[in-house]
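Each chain is listed here by its residues.
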Amino acid sequence: VIGTIHAADPARVLVTIDKPRSPIAEAYRLLRANIEIAAAADHPVHTLVVTSSGPTEGKSVTAANLAVAFAQSGKHVILVDADLRRPSLHKLFQVLNKRGVTTALLQGGQGIVSDHLSPTRIENLFLLPSGPLPPNPAELLGSQRMAEYVKDLSSQADMVIFDSPPVLAV
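Predicted, not measured: the structure shown is a model, and the values here were computed from it.

(A) Region of the structure containing unusual backbone geometry. Even without being glycine, Gln-94 reaches a positive phi, approximately 55 degrees. Secondary-structure assignment places Gln-94 in the loop between helix H4 (89-92) and helix H5 (101-106). You can call Gln-94 exposed: its relative accessible area is 59%.

And the structure:
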């Protein structure tokens with residue numbers, strides 16, 4: 001169980017950075033360890049989707065803190081904001097949202113993965129914000145380009161974590 005994080009400022013919910021000795025930060029590290037242990041030694045986990053049943057249940061905060069926990073363990077991590085309706089990771093990490101998933105996919109394979117990544121203040125952690133909101137998020141995420149982009153991202157990092165939209169909302 002991971003406790004509720006109460007913070008007025010969105011950037012303050014990154015307890016794995018701001019309060020690394022807190023019980024909640026330890027719970028995220030335990031979750032990271034359980035994910036690593038659950039994966040068979042010959043089938044390590046390289047991609048992970050974090051979702052929830054409905055909005056405001058903490059999936060973005062969980063994805064962000066879990067990504068920080070993996071990066072702090074020495075893994076090269078890419079955190080992807082795939083919630084193209086209500087993106088929030090750019091606010092948590094205080095980066096611009098002008099480039100990201102949508103710009104990468106709409107360029108149609110032009111450029112390289114790192115062209116759309118934003119560095120974070122955490123060593124080994126890069127953020128792929130959502131980018132500008134598209135009129136057709138479901139079609140964009142379900143496209144062949146997205147499948148190819150996921151492969152490209154996976155080749156660039158030890159772990160790729162996707163913050164997805166809540167399942168019942170869409």
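(B) Main features of the environment of Pro-119. Looking at the secondary structure, you find Pro-119 in strand E3 (residues 118-119). Taking the C-alpha atoms as reference, Pro-119 lies 9.6 Å from Ile-78; in sequence the two are 41 residues apart. Not counting chain neighbours up to four residues away, the residues in contact with Pro-119 comprise Val-95, Leu-125 and Phe-126.

(C) Looking closely at the environment of Pro-165. By the secondary structure assignment, Pro-165 is in the segment after strand E5 (159-163). Among the residues examined, Pro-165 registers a relative accessible area of 14% and is labelled buried. For the pair formed by Pro-165 and Leu-79, sequence separation is 86 residues and the distance between their alpha carbons is 14 Å.

(D) Structural detail: helix H2 (residues 23-38). With 16 residues, H2 should cover 22 Å at 1.5 Å per step; its first-to-last C-alpha distance of 22 Å lies within 8% of that length. Inspection of H2 places Ala-25, Ala-27, Tyr-28, Arg-29, Arg-32 and Ile-35 among the buried residues, and these make up the whole buried set. Tucked inside the fold, the buried residues of H2 contact helix H1 (15-18), strand E1 (47-50) and helix H3 (59-72).

Scoring rules and cut-offs
- Residues numbered from 1 in each chain as written.
- Predicted model: local features only at pLDDT ≥ 70, side-chain atom pairs only at ≥ 80, totals over all residues.
- Heavy atoms only, no water.
- Helix = DSSP H or I, 4+ residues; strand = E, 2+ residues; numbered from the N terminus.
- Buried < 20%, exposed > 50% of the residue type's maximum accessible area, 1.4 Å probe, protein only.
- Contact = heavy atoms within 4.5 Å.
- Expected span 1.5 Å × (residues − 1).

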